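Summary of structural features
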Amino acid sequence: MGTFRTLYATLPCSQCRKAIPTDIQFKTGNDGSEKYSEGEVISAKNWPDAAMEYEGLFDVACDKCFFEWRMTLILTEYEVLMELIREGRLTMRLKTTGETLTPERLPSFANDALRDIDQHSPTTVFLLHASEPSPIHRHGSALGKFELEFDGASRNFADQAFDDLVRDRTDLKMKEKGWSHGSDWMSKVIVYLDNHRRIRCRLN
Ligand SMILES: [Zn+2]
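Residues numbered from 1 in each chain as written. Predicted model: local features only at pLDDT ≥ 70, side-chain atom pairs only at ≥ 80, totals over all residues.

Turning our eyes to something else, we now look at unusual backbone geometry. The phi dihedral of Arg17 falls on the positive side, at around 70°, and the residue is not glycine. Here Arg17 is to be found in the loop between strand S1 (5-12) and strand S2 (19-26). In this structure, Ser33 takes a positive phi of about 60° despite not being glycine. Secondary-structure assignment places Ser33 in the loop between S2 and strand S3 (35-37). The exposure class of Ser33 is exposed, given the 8 C-beta atoms found within 10 Å. (Helix = DSSP H or I, 4+ residues; strand = E, 2+ residues; numbered from the N terminus. Buried ≥ 20, exposed ≤ 12 C-beta atoms within 10 Å, placed from the backbone.)

Next comes the structure, spelled out in structure tokens:
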């Protein structure tokens, strides 16, 4: 369990449509880290039912678009935090000084976060909530310098209700800004065998 198969294929970047090499991860339920190239003939032993199709996941953007997407995503998350402060649902306090942040103070912290990213490689994922380069995730401690109060209770950034709200609003704003995949960086793709048992993929 926990293993998957990888298909190396070429798919269009969701943003600029440039064809990019990507690796698609998929599971058949009986996997041992097999790796395939698009068009490779797959044996019946490896894929008994040639009619079976599987859903895979891949990164939707080329490096250039991914970098822009990530920068925009972080700024957008801060915009959402500012909104929540304005709506009176969120209070952010600096742990060091106890200062309560006004929405106007937040952009300087957003800029700090963006500067941090600049120091890492464009393909390294580094998000608002992550304390160091890591697989993208929203729960981390980059914002650990703040104390949060959300809807009248003390919270942390991993709090489910808070996280869901920030993610949903960020997703919507990203789409308004023209990012087709919003705050999501993975997309689904179908992996299948053609009539000659050659492995292929197609977008949903
Ligand atoms: Zn692109």
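Picking up after the structure, the text goes on.
On the basis of which strands lie adjacent, the open sheet formed by 6 strands has the order S3-S1-S2-S4-S8-S9 and mixed pairing. The open sheet has two edge strands, S3 and strand S9 (199-203), and neither has a second partner. The sheet shows a mean angle of 40° between the axes of neighbouring strands, direction not considered. As defined by bridge partners, S1 adjoins S3 across 3 bridges and the pair is classed as parallel. When the sheet's bridge partners are listed, Leu7 is paired in S3 with Tyr36. (Pairing = 2+ DSSP bridges. Axes fitted to C-alpha atoms, helices over the stretch in contact; angles between N-to-C directions.)

Nonpolar side chains in soluble globular proteins generally cluster together in the buried interior. The biggest cluster of nonpolar side chains holds 28 residues, and the ones touching the most others in it are Leu7, Ile24, Leu81, Val189, Val191 and Cys201. Contributions of two or more residues to this core are made by S1, S2, helix H1 (63-86), strand S5 (90-94), helix H3 (160-176), strand S8 (186-193) and S9. At 8 residues, the largest contribution of residues to this core is made by H1. Two domains share this core, each providing at least three of its residues, namely domain 1 (5-60 + 185-203) and domain 2 (63-176). Apart from residues lying up to four places away in sequence, Val189 is in contact with Leu11, Ile24, Gly56, Phe58, Cys201, Arg202, Leu203 and Asn204. (Core = buried A, V, L, I, M, F, W, Y, C linked by C-beta atoms within 7 Å. Domains from an automatic or database assignment. Contact = placed C-beta atoms within 7 Å.)

A separate point is H1. For H1, with 24 residues, the first-to-last C-alpha span of 35 Å sits near the 34 Å given by 1.5 Å per residue. Listing the buried residues of H1 in full gives Trp69, Arg70, Leu73, Ile74, Thr76, Glu77, Tyr78, Val80, Leu81, Met82 and Leu84. Gly88 occupies a position one or two residues after H1 and carries a positive phi of about 80°. (Expected span 1.5 Å × (residues − 1).)

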